[in-house]
Number of protein chains: 2
Amino acid sequence: MTTSTVILPGDLRLLARSGAFNGATAGVARGFVQANLMIVPRSAAFDFLLFCQRNPRPCPLVEVLEAGQVTPLCAPDADLRSDLPGYRVYRHGELAGEVGDISALWQDDFVSFLIGCSFSFEGALIDAGIPLRHVEQQRNVAMYITTIPCQPAGQFSGNMVVSMRPVRSCHVARAVEISARFPQVHGAPVHVGHPEAIGINDLMCPDFGDSVQVADDEVPVFWACGVTPQVIACQSRTAFCITHAPGKMFVTDIINR
Amino acid sequence: MTTSTVILPGDLRLLARSGAFNGATAGVARGFVQANLMIVPRSAAFDFLLFCQRNPRPCPLVEVLEAGQVTPLCAPDADLRSDLPGYRVYRHGELAGEVGDISALWQDDFVSFLIGCSFSFEGALIDAGIPLRHVEQQRNVAMYITTIPCQPAGQFSGNMVVSMRPVRSCHVARAVEISARFPQVHGAPVHVGHPEAIGINDLMCPDFGDSVQVADDEVPVFWACGVTPQVIACQSRTAFCITHAPGKMFVTDIINR
């Protein structure tokens, strides 16, 4: 952790580009905004941008690139085709492969969306004295597909994915206040307590990530999750899209406030 | 003014639909959100949505409709083809006509954008004891094309249009605080004082609207203006678009907070 916290975003991207780093980015280059990646062909780009505009909690846009562009303003020396530690390719809603570089797949009509990631507010929660079990245990956060419908847009429709963090009752209000300050990264929770009310029947069986125990003095707190657009794209049987591989985010040059 | 303040949005829209009301909407149905309208064909819709996403100050989105749809969620009994008091049609950046109804022009691939309007925060400023001269004088607000570049997006590029309100020095901070609470309607000012720094050489010669005097104890305060997208569409020589006619906004059912 000591070494991983001092690496800068540009260096991390170069390591990913060369293939020397292909791991998860949680806790790496801490203090810099990390982003989910979604790439769709231009024919689907209006519908997807409209989906993000209508669903800002799960899909807070950090940046949208012009068709064919691979270098975002938020990282002027980056190449989105190579600078993430891993990518997933989907065809008609099915996973078609996981690769470390998408240069060979790239086409001039591809539109890249960078979507905020909850890593950005987790640091602020920890700094405020609110412990996060999955970070302490160095595991992935628990994520669940809910029954909360997203606002559909064109070809994209489906339910919201949430991440869950157990929070002590005395800390819930503060956790809400702090995360609400980060509207670019999902903002305030969408649900507090009562998982069954949003279709989660067993907290110990997340749809993605790792399960964590909720202690007797804790409440499960649910935030909208950036995995939502991937699940929506699959459920909507989008003809073609590319995303980051789970946990392997794009690290930007933007400093968390 | 007494009668105009009691009319409800749905009644106003019906009057506009029948042609009985074809005037400006400032001060009418006060307390309800009014919106600028921009309609572009689907082929230009991604670029325009991206332009709004990149320029939220001049283009705060109230709602974006699916291609072909004419009834927004923010007014479930409305028809955007008839319920505004006036429309302007532009072809290749030139004004091609001003009409009271666009039903005959409508095509299934038209995408409608509703964009926030500063009328929404003017009520809050007046309620806070900050007088607005153009409202007192029942004139249109003064608007200027500046040298502040918008972030371009695809085919859309150009400079920001601002509206100017003279504010007494003792009220400037409060005017900033109040308007900042309305991010859906342009938010805080983009510039305070020194018009020449943003390319405005003569405050008494606005590009749109009516001129107002700035008194000796006042400062000109500039807010991003919803006329920006119309000017951008013209400067970018967009093949085809329809907008509301100046001052003749779409009145929604949304209550100003």
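Since we're looking at a predicted model, the values are computed, not measured. (Residues numbered from 1 in each chain as written. Chains lettered and ligands numbered in written order. Predicted model: local features only at pLDDT ≥ 70, side-chain atom pairs only at ≥ 80, totals over all residues. Heavy atoms only, no water.)

Undergrad: Please explain the packing of aromatic side chains as it appears in this structure.
TA: The geometry of an aromatic ring pair is captured by two quantities: the separation of the ring centres and the angle between the planes. The final tally for this structure, using the stated rule, is 16 aromatic pairs over all chains. Note on phenylalanine 48 of chain B and phenylalanine 156 of chain B: the rings are 5.4 Å apart at their centroids and 75° apart in plane angle, and the pair reads as edge-to-face. Here phenylalanine 156 of chain B lies in the loop between β6 (142-149) and β7 (159-168) and phenylalanine 48 of chain B lies in helix α2 (residues 42-54), a separation of 108 residues in the sequence. By way of ring pairs, the aromatic residues Phe48, Phe51, Phe113 and Phe156 of chain A are connected into one cluster. (Phe/Tyr/Trp six-rings, centres within 6.5 Å; stacked < 30°, edge-to-face > 60°. Helix = DSSP H or I, 4+ residues; strand = E, 2+ residues; numbered from the N terminus.)

Undergrad: Mind showing me how you'd approach the pattern of salt bridges here?
TA: Two side chains that carry opposite charge are able to pair once their charged atoms sit near each other. Counted according to the given criterion, the structure contains 25 salt bridges over all chains. A salt bridge links glutamate 66 of chain B to arginine 54 of chain A, with the nearest nitrogen and oxygen atoms 2.7 Å apart. Taken together, the positions of glutamate 66 of chain B in the loop between β2 (61-64) and β3 (87-91) and arginine 54 of chain A in helix α2 (residues 42-54) put the pair across two chains. Relative accessible area serves as the criterion here: at 18%, glutamate 66 of chain B is assigned to the buried category. For aspartate 79 of chain B, the salt bridge is made with arginine 81 of chain B, and the minimal N-O distance between the two is 2.8 Å. (Salt bridge = Lys/Arg side-chain N within 4 Å of Asp/Glu carboxyl O. Buried < 20%, exposed > 50% of the residue type's maximum accessible area, 1.4 Å probe, protein only.)

Undergrad: Whenever I open this one, unusual backbone geometry confuses me. Can you help?
TA: Note: most residues except glycine have negative phi, and most peptide bonds are trans. Notably, histidine 194 of chain A is not glycine yet its phi reads approximately 40°, a positive angle. Along the polypeptide, histidine 194 of chain A turns up in the loop between β8 (191-192) and β9 (218-224).

Undergrad: Help me out: how do you make sense of the relation of the copies chain B and chain A in this one?
TA: Mapping chain B onto chain A leaves a residual RMSD of 0.0 Å; the transformation is a rotation of 180° accompanied by 0.0 Å of translation along its axis. Here the copies are linked by what is in effect a two-fold axis. Scanning chain B for the C-alpha nearest the rotation axis identifies phenylalanine 46 of chain B, at a separation of 2.2 Å. Taken as a fraction of all interface residues of chain B, those also at the interface in chain A reach 95%, which identifies the copy contact as same-surface. (Least-squares fit on C-alpha atoms with pLDDT ≥ 70 in both. Contact = heavy atoms within 4.5 Å.)

Undergrad: Could you clarify how one ought to interpret the packing of α2 of chain A against α2 of chain B in this entry?
TA: When two helices pack together, their arrangement is captured by the angle between the axes and the distance separating the axes. The interhelical angle for the contact between α2 of chain A and α2 of chain B, taken along N-to-C directions, is 40°, at an axis separation of 9 Å. Taken together, α2 of chain A and α2 of chain B sit at an angle that is classed as oblique. For the crossing formed where α2 of chain A meets α2 of chain B, the hand is left-handed. Seen from α2 of chain A, the contacting residues are Arg42, Ala45, Phe46, Asp47, Leu49, Leu50 and Gln53 of chain A; seen from α2 of chain B, they are Arg42, Ser43, Ala45, Phe46, Asp47, Leu49, Leu50 and Gln53 of chain B. Its residues placed into classes, the contact of α2 of chain A with α2 of chain B shows 8 nonpolar, 3 polar and 4 charged. (Axes fitted to C-alpha atoms, helices over the stretch in contact; angles between N-to-C directions. Parallel < 35°, antiparallel > 145°, perpendicular 65-115°, else oblique. Left-handed = near helix turned anticlockwise from the far one by under 90°. Nonpolar A, V, L, I, M, F, W, Y, C, P; charged D, E, K, R; others polar.)

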